[in-house]
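# Notes for the structure review
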Amino acid sequence: MTPSEERWVSACLLARTNFFGRSVPISMRASQPAPAFFRTTPEERAAFSLFEGGFFGNLFLPVPVACVCSGRKTAREAADRVLRDRVCALPSGAQLPTGEQLSFCRFVLMGECGEEASSRWGGSAYREVVFVYLRPAGR
């Protein structure tokens, strides 16, 4: 695989990770240009409207990189019970020796998605970011 393909595969694997091992339907999206796989319909975007976060990294490196940025949520969205089953974009309280926060899935937590540094790690910018949206409970 090319380095970009390694990063896309890694981002997909990270996005599908579930700390509890539970099956939770997700909508995976990406900024353009992105592989056709990430195209969504208006119906999918309406049904999966709760922004969990963005996943990126490269699991094929000698020292694998696994990162996540958190999606911005209103207080009502943050209280949605579907997030109880998806905690990989939430802080765990654990840190790397260098001080970076870790998510419950032990991904490096990069802050809120959209911030300048949210998709950068080790001096590299990652364009291969998979954004995960969830179906709010009750839909």
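The structure this text deals with has already been given above.
Presented here is a report on the structure given in the accompanying data block.

About the cut-offs
Residues numbered from 1 in each chain as written. Predicted model: local features only at pLDDT ≥ 70, side-chain atom pairs only at ≥ 80, totals over all residues. Heavy atoms only, no water. Core = buried A, V, L, I, M, F, W, Y, C linked by side-chain atoms within 4.5 Å. Buried < 20%, exposed > 50% of the residue type's maximum accessible area, 1.4 Å probe, protein only. Helix = DSSP H or I, 4+ residues; strand = E, 2+ residues; numbered from the N terminus. Contact = heavy atoms within 4.5 Å. Salt bridge = Lys/Arg side-chain N within 4 Å of Asp/Glu carboxyl O.

### So, the nonpolar core
Met28, Phe38, Phe55, Phe107, Val130, Val132 and Leu134 are the most contacted members of the largest nonpolar core, which totals 25 residues. Broken down by secondary-structure element, the contributors of at least two residues to this core are helix H1 (3-16), strand S1 (26-29), strand S2 (50-58), strand S3 (65-70) and strand S9 (130-134). Ignoring any residue separated from it by four or fewer positions in sequence, one finds Leu134 in contact with Val24, Pro25, Ile26, Ala47, Phe48, Ser49, Leu50, Glu52, Val82, Leu83 and Arg86. Core analysis: the next-biggest nonpolar cluster, separate from the first, contains 14 residues, Phe56, Val65, Cys67 and Tyr133 among them.

### Brief notes about the pattern of salt bridges
Under the counting rule described, the total for this entry stands at four salt bridges. With a shortest N-O distance of 2.4 Å, Arg72 and Glu112 are connected by a salt bridge. Of this pair, Arg72 sits in the loop between S3 and helix H3 (75-78) while Glu112 is found in strand S6 (residues 108-112), placing the two residues 40 residues apart along the sequence. Judged by its relative accessible area of 62%, Arg72 falls in the exposed class.

In short, geometric facts, not functional conclusions.
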